Every structure is written in structure tokens, then in C-alpha cells.
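Each chain is listed here by its residues.
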Amino acid sequence: MSGFLQATVYGLLQGGLLALVAVGFSLVWGVMNVVNLAHGGFVILGAYVGWEMHEWFGLDPFLGMFVSAAVLFVFGYVLQRFLINLVINGPIFITLLLTFGLDLMIVQGMNLVFSADYRSIKTSYASNSLAFGSVRVPLGRLLAFALAVAITVLLVAVVNRTRTGLSILATGMDRGAARLMGIRARHVYALTFGIAAGLAGMAGAMIGTVGTFNPSAAASFTLMSFVVAVLGGLGNMYGALVGGLVIGLVQAWGGQYLPGTWVNALAFLVLIVVLIFRPTGLVGRAFYAARQEV
Amino acid sequence: MRSRTLAVAVVITASSLVVAGCGSKGEAKSANAAGSGTLAIGASLSLTGSLAREGVLTQEGYQLCQEKVNAKGGVDIGGTKVKLDIQYQDDTSKPDVAAQLVDQFNDKGIKLILSSYGSANTEAQAAVIERNGQLMVDSAGADNKIFSKGYKRTFAVLSPATEYAASIVKAIAELATPKPKSIAFLSADDGFSKTVTEGGMKAAKAAGFTVLDPQYFPNGTSDVSSALTKVKGQHPDVIIGSVHLVEGVAIIKQAKELGVTPAGFGESVAPPTPDFAKTLGAQAENVLGSSQWTDATKGTDKYFGTAKDYAKDIQAKYNHAPDYHNAEASAACLALVLAAEKAGSSKADAVRAALSGLDTESFFGTIKFDSTGQNLYKPMSVIQIQNGKALTVWPTESAEAKMIWPGTK
């Protein structure tokens, strides 16, 4: 029983972290119909920024992540405004190819600048854990989890309550109509992409604190984001959170009761089963699929 | 929506195939052994992709060997000194590309090959080498499986996979007081790590330990929490990981998070890598690890001198402490050079005959091959992280420090 409880707690925490990684990916896909294959690269880049901040200025990663977010926001904004916007009207394959190329460049660039050495942002407390009977709750992961939930709630509030957020939503639903209403779609797209990259950067700093990273880890985060976004469903800001938590739990429970090497297969199996019964994902909305591309 | 998702999946698969297909980067210079005063050797290396870190260390080892040999005038082939010319190609950490590159070298007439990094790449290469009548010295493919297929043209300078965890078990059995009773193995699920686990479990049973059921997790994962949760209730005295760096770091980190506290941790491959202690800091203290080579290894040779000399050369040239991946690469290159000199020829068949009879001391220890091409004559060293440094604690005759036990406080 304590094994089950421990697996559940750990799975939830791990799922929160996955959600934070995937939330930006889901946002960009939902609003702009861009599957950003460079997303994992953004995550790792954020981890490096957090690492540098910690190494050079002794900045705690839970503060350093705001620097990561800021740097990545600017990077994402510029990338979208001046590069991806050029092909945004093309078929999805073109943006897919473009972001795939970007990913190769970002990963190889990080290999050159930071080398392929494995790193971790060391703190005195992240590996400590709170003990509840026989169940341990690791502090670093708990903080990251709380952050993931807070960010998601904040994102929902921003999107639903602010003018900027509403313009993001409107552009995502019908770009033509949004333009007619005076929304500057280019700016809104760049803003969306910037926010997504910033969130990826934050997630990266967290990953760097509780785990290890090097440039080649980027691909696995892109893949995980893809799974989480599809599973949770697009068009709903809570989609990534739900998807992340489900994947985290499935992997933890699967690891507990099945041979440990089956966990990835199990995660994809759950994805397939969910898509059979709910093609739009667990909490996704159908109307996003039928939107007008103008 | 569904068709779009499908299309996306298709494109991702297709693009990764394309990348695998055009993985080789850069053109090798066309040089040949005959008449040009150079001895051309081909080396496919994992310079990008998931094995980039180890691939670069391997390249450093090959490169240092080339410089050392050429600084002494080159390889003495039948009285004529020819310069060593190692040609590198990037296999992007993919076995199929590594194998293709061996074919490409063959097309250029290059018959002598130094292996890529890791068992998967080397295994793929070995089959091609055999077919083409080339000759390969393997620097980093330790899986015994490579040598169970009857190949005659692949020789490994390093100790086989079965020794990695077994040597840690032997060190603990010999040196740990109070002697632990039970051992749990946590293992990645790639062929190499599984062979490491099998060898370790066999040695543990032979030494009288209670061996718990091994727990496997996907190769390259950074989350081993399920395996740790499973063994936590069984309270093993020792946890041994058959892992690479990522999983090895994850075991130590997550064991602390989950409150798993055996008397000691041991891990193959990860602890001797400088990144291990750097990444984990204080948590790395007293973790045991097995290493193909340390700078306390006994032996000397004419090109590199002693292990200490080798360590100095790596530090001076590459500005980092030597890693055993450097050393095994240099040793593979050394074996090929010594065999070519002994054969007095650069022809693959003649060098092969010389290699199979090679029996020499070197900075890497004994280099000698059994009938399958493995080097069973060199013991592995067991190191322990003490004050952030990997110090040799076993075998005792080359120990730099006493083993601290129990390793976890």
C-alpha cells in the first residue's frame, strides 16, 4: 500500500512538471496551429539560462527561472515575429519543417556553446523530502508542481480576463475576423509564441533543478509535450495540466505494477485509447478543429 | 483534427528517417596507405546525437594517439615510417549510420577501422567489418554479445560487460565491513546494461550475497523512481546500478528524494565520469563505480608511457581530467598501431594475425585477446568518489585510498 501511495504522489509531482513543460506547446498548437518541434530545445535552453544564473550570480533556480522565462520570451517573440510569421499561412508541413530545422540548430548550437556535458543546478534543498509516514514528498518537485498549477491558473486568468488574452483567443478562433476587429495578428502570434517559449524556459529551470540535462535531452521533451498536448486536448488551457497529470500517474502506476521497461509503451497506449473515445483529447474542444484558416 | 495529427506523426517519422539516412557529415580526405606515406584509419564517431559526450571523448583519445605516434616519426611498417592519418566521420549516435560509414570507408579502400562509441554502434559495425574483410579495434563496445557471433575481425581492448558490476561486487565482498548481506540490481534495458546485470548477479551469488529480483527501466530515462519504490520495501544493503550517466545520476538523486538508504551504492559507467561528481555534488560521495582505466593502472608502453603520463597529456591537451573513455580509445588505436608494426604491413589480414597474437603491457594495462577477440587479461578498477574525486580502491595493489564503508551515512 505504501508503495502505491508513494507511486501516486511521485507520479502526480512528475505529471505537474510534464504539464509545465507542455503547456506552452499546447498553447502554440491550439492558437496558431503550429506544432513547434523546437519546443524541447526551448526547455533545455531555459535550463542552461537557469544554470548560468546559478553558476555566475548564485541565483536560486526558483528565482533564476524568471530570468529564463524573460530570456526565452524575447527569443520566442523575435523568432515568431521575424521568422515563423513568414510561413504561418503555409501548410502545417512548412511550419513543421521550419521548427524542425530550428530545433536542429538550437540543439547543435547548445552543443557548441555549452558542450554535451551533463549538468544539474545544485541547491541545498531540492533533493530533500518531507516524510508523511512511509511516503516521501520531495521538496524540489513539490515546488515545481505548485508552480505548474499556479502558472496554468494564471494563464487561464490572463487569457480569459485580459484584453491581450482575449485577443490571443480571438486570433486562435478566427484570424480573419480578429483582424477585422482591429487585432494585430502578427503581434498577437509573436506574443503567444513568446509566452510559450517563456513557460518552456521556466520549466527548463525546474528540470535542471530536480534532474539532469544536456542538449540531446531536447527531443524527449518535444515528444512528451506532443503526447501531453494531444492527450489533454487543444483549445483548453487546462488541457496540458490534465494531460501531464494523467501521463505522470500512468507512468508511475505502470512502473509500480508492470515491468519497468513498459512505462513508455503504456503512456502511448493510454494516448491511443483516449483518442479512440475522445478524438479531441480529454478536455479539448472540437470547435478548434473546425476553425477558419484565413 | 485526427487526420492532421496523423499527418504530423507521419512527417515526424519521415523526417527522423531522413535525418538518419543523411546522418554522415563532412567528407573524409581521400588518403590511402599505399605509396602516400600515411597509414589511413577510418573512425566513425558519435559526434552529435545522444552519445555526443562520449563520442567526443573517444575522438580525443584517438587524436592524442595519432599525435603521440606521429611525434615519434609515425608507424614503423617494415622499416618505413608512415604517418598515422585517422579519418573521422559523424555517425550521429545511430548504429545504422555507423555501419554505413564502415562501408563507405571500405569503398575508399580503408580497411583498418577504429570503432564508434558504445555496444549498439559497435555491434552494427562488426557485422559489416566481417563481410567486407576489414579489421576493427573496438574501444568502447563492451557487450559480450558482440563476441559470441564468431566474428574474427573485431578485437576489443576493454574488459567485457560482464566485469562491470561483477568487479564492484568483488570489491565489496573483499573490502566492506560489516559485510553486507543483500544486493539489489537496478538496470537500464539496453543489451549492454542487461549483460552487466547478469554478470553482476552471477558474481554476487557466487560471493554468497542474497540477490533480489533485478528492476529494469528504459535506457536513457531520468526517472527511475518506480524501480526505487519497488526495492525500498525490501531494504537491500547494497544497490548496484547497471546504468549510463543519466540513469546513474537519477538513481542517486531520486534515492535521496524517496528516502532509500542502503549501506552503499555502486554503479557501472557513471561514477568515473567527471560529470557524475560535478552534477551530484555532495550526494556523489562514497558511491562506488567500475572503470576500464584509472591513472593508477599499472603498465607502460613506448608511445604513451605510464597511466600517469597519459593523464598529464590529456590534461595538457584538452584541459580536463582524463576520462576512461579517452584511455580506451587511445588504447584501441595503440593496439592497431603495435599490430601493424609487428606485422610489418598495413594489410588487414596481416594486421589481424598480428593482433590475435598481441600480448603487450601498456598505459591501459595488459592488451591481449582471447580467441573471440575480447581482452580478458586486464582487470577493471573499482573507484569510489571521495571528496569529489574518483579514487581507485580496488584491486588493492593499485589502490589510491581505502574503501569507505558504509558509504551512506
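Quantities reported herein were computed from a predicted structural model and do not represent experimental measurements.

Novice: Would you explain the overall build of chain B in this entry?
Specialist: The secondary structure content of chain B amounts to 12 helices and 18 strands. Against the 2.2 N^0.38 benchmark of 22 Å for 409 residues, chain B shows a C-alpha radius of gyration of 22 Å, consistent with a compact globule. Seen through its principal axes, chain B has C-alpha atoms that stretch 65 × 65 × 40 Å. Looking at chain B alone, contacts between residues at least 24 apart form 69% of all its contacts between residues at least 6 apart.

Novice: Looking at this model, I keep getting lost on the pairing of strand β10 (residues 238-242) of chain B. Mind explaining?
Specialist: Walk down a regular strand and you will see the side chains alternate between the two sheet faces. Residues and elements named next belong to chain B. Along β10, 5 of the 5 residues are buried, which leaves the element largely enclosed by surrounding structure. Alternating positions in β10 separate into two faces, Val 238, Ile 240 and Ser 242 on one and Ile 239 and Gly 241 on the other, with burial throughout. Bridging between strand β7 (residues 182-188) and β10 involves 5 bridges; their strand directions are parallel. Across the sheet, the residue bridging to Leu 186 is Gly 241, located in β10. By the bridge criterion, 4 bridges tie β10 to strand β11 (residues 264-268) in an arrangement that is parallel. Looking at the pairing, Gly 241 lines up with Glu 267 of β11. The β-α-β motif built from β10, the intervening helix α8 (residues 245-258) and the parallel element β11 has right-handed crossover chirality.

Novice: How should I be thinking about the interface of chain B and chain A in this particular structure?
Specialist: The accessible area lost on association of the parts is a frequent measure of interface size. Opposite the 38 residues of chain B that make contact, chain A presents 39 residues. Of all the secondary-structure elements, those providing two or more residues to the side of chain B that touches chain A are α1 (2-21), α2 (52-71), β9 (215-217), α7 (225-232), α8 and α9 (274-280) of chain B. Among the elements that take part in the side of chain B that touches chain A, α8(B) stands out by supplying 7 residues, more than any other. Split by residue class, the side of chain B that touches chain A holds 13 nonpolar, 15 polar and 10 charged.

Novice: What am I meant to see in helix α4 (residues 92-114) of chain A here?
Specialist: The periodicity of an α-helix, 3.6 residues per turn, causes residues three or four positions apart to be oriented the same way. All names here are of chain A. Compared with the 33 Å implied by 1.5 Å per residue over 23 residues, the 32 Å span of α4 between its first and last C-alpha is a close match. If you check which residues of α4 are buried, you get Thr 95, Leu 96, Leu 98, Thr 99, Phe 100, Asp 103, Ile 106, Val 107, Met 110 and Asn 111. A positive backbone phi angle near 70 degrees is found at Ser 115, which sits one or two residues after α4.

Novice: Would you explain the sheet that holds strand β4 (residues 112-114) of chain B in this entry?
Specialist: Backbone-to-backbone hydrogen bonds pair the strands of a sheet. The strands run either parallel or antiparallel. All names here are of chain B. The 6 strands lie next to each other as β2-β3-β1-β4-β5-β6, forming an open sheet whose pairing is mixed. Strands with a single pairing partner mark the edges of an open sheet, and in this sheet they are β2 (75-77) and β6 (154-156). In this sheet, adjacent strand axes meet at a mean angle of 30 degrees when their direction is disregarded. Of the pairings in the sheet, the one linking strand β5 (residues 135-138) to β6 comprises 3 bridges and is parallel in character. Residue Val 137 lies in a different strand from β6, and its bridge partner there is Phe 155. In the packing of helix α3 (residues 95-107) onto the sheet, contacts are made with β1 (38-45), β3 (80-90) and β4, and the angle to β1 comes to roughly 160 degrees. With respect to the sheet, helix α11 (residues 324-343) is in contact with β1, β2, β3, β4, β5 and β6, its orientation differing from that of β2 by roughly 25 degrees.

Novice: What should I look at first to understand the packing of helix α2 (residues 39-57) of chain A against helix α9 (residues 218-232) of chain A in this one?
Specialist: When two helices pack together, their arrangement is captured by the angle between the axes and the distance separating the axes. All names here are of chain A. Two elements in contact, α2 and α9, have axes separated by 7 Å at closest approach and are oriented at 125 degrees. Judged on the interaxial angle alone, α9 and α2 are oblique. As for the relative orientation of α2 and α9, their crossing is right-handed in sense. On the side of α2, the interface is formed by His 39, Gly 40, Gly 41, Val 43 and Ile 44, while α9 contributes Ala 218, Ala 219, Ser 220, Phe 221, Thr 222 and Ser 225. For the contact of α2 with α9, the class distribution of residues is 5 nonpolar, 6 polar and no charged.

Novice: So what exactly am I meant to see when it comes to the pairing of β5(B) here?
Specialist: Residue and element names in this part refer to chain B. Because side chains alternate across β5, one face comprises the buried residues Leu 135 and Val 137, and the other comprises Met 136 and Asp 138, equally buried. Two strands pair when backbone bridges link them, and β4 and β5 are joined in this way by 3 bridges, in the parallel orientation. Paired with Leu 112 across the two strands is Leu 135, which belongs to β5. Handedness of the β-α-β unit built from β4, helix α4 (residues 119-132) and β5 comes out right-handed.

Novice: Help me out: how do you make sense of the domain arrangement of chain B in this one?
Specialist: Residues and elements named next belong to chain B. Its domain assignment divides chain B into domain 1 (23-159 + 296-368) and domain 2 (162-291 + 381-398). Here the C-alpha centre of domain 2 lies 30 Å away from the C-alpha centre of domain 1. Opposite the 15 residues of domain 1 that make contact, domain 2 presents 14 residues. Taken together, the residues that form the side of domain 1 that touches domain 2 break down as 5 nonpolar, 6 polar and 4 charged.

Novice: Help me understand the packing of helix α1 (residues 2-32) of chain A against helix α5 (residues 139-161) of chain A in this model?
Specialist: All names here are of chain A. Remark: α1 packs on α5, axes separated minimally by 8 Å, with the N-to-C direction vectors making an angle of 45 degrees. Compared by their axis directions, α1 and α5 come out oblique. Of the two possible hands of crossing, α1 and α5 adopt the one that is left-handed. Taking contact as the criterion, the partners of Leu 13, Gly 16, Leu 17, Ala 19, Leu 20 and Val 23 in α1 are, on α5, Arg 141, Leu 142, Ala 144, Phe 145, Leu 147, Ala 148, Val 149, Ile 151, Thr 152 and Leu 155. Grouping the amino acids of the contact of α1 with α5 by side-chain chemistry returns 13 nonpolar, 2 polar and 1 charged.

Novice: What is the right way to look at unusual backbone geometry in this model?
Specialist: Among all residues except glycine, the phi angle is most often negative; among peptide bonds, the trans geometry is most common. All names here are of chain B. Here Thr 177 and Pro 178 are connected by a cis peptide whose omega angle stands at -5 degrees. Within the element layout of this structure, Pro 178 appears in the loop between α5 (162-175) and β7. Phi is positive for Thr 92, close to 50 degrees, though the residue is something other than glycine. Relative to the assigned elements, Thr 92 resides in the loop between β3 and α3. Its identity is not glycine, yet Ser 93 carries a phi of approximately 65 degrees, on the positive side.

The rules we used
Every residue gets a number counted from 1 within its own chain, in the order that chain's sequence is written. Chains carry letters and ligands carry numbers; both start at the beginning, A for chains and 1 for ligands, and go up in the order they are written. This being a predicted model, a pLDDT of at least 70 is required before a residue's local features are given, and a value of 80 or more before pairs of side-chain atoms are given or counted; all residues contribute to the totals for chains, interfaces and linings. Only DSSP runs of H or I covering at least 4 residues are called helices, and only runs of E covering at least 2 are called strands; the numbering of each starts at the N terminus. The atom set for the radius of gyration is the C-alpha atoms, and the globule formula is 2.2 Å times the number of residues raised to the power 0.38. Here contacts are defined at the residue level, using C-beta atoms placed from the backbone and a cut-off of 7 Å between them. Each residue is classified by how many other C-beta atoms fall within 10 Å of its C-beta atom, where C-beta atoms are placed from the backbone; a count of 20 or more means buried, 12 or fewer means exposed, and values in between mean partly exposed. If DSSP finds at least two bridges between two strands, the strands pair. With the strands pointing away from the viewer, any crossover whose connection runs clockwise from the first strand over the helix to the second is right-handed. When residues are sorted by character, Ala, Val, Leu, Ile, Met, Phe, Trp, Tyr, Cys and Pro go into the nonpolar class, Asp, Glu, Lys and Arg into the charged class, and all the rest, Gly among them, into the polar class. Multiply 1.5 Å by the residue count of a helix minus one, and that product is the helix's expected span. Here an axis means a line fitted to C-alpha atoms, over the contact stretch when the element is a helix, while the angle between two N-to-C directions is reported on a 0 to 180 degree scale. For this classification, under 35 degrees means roughly parallel, over 145 means roughly antiparallel, 65 to 115 means roughly perpendicular, and everything else is oblique. By definition, any crossing whose near helix is turned counterclockwise from its far helix by less than a right angle is left-handed, and any crossing with a clockwise turn is right-handed. Marked domain ranges trace back to an automatic or database domain assignment.

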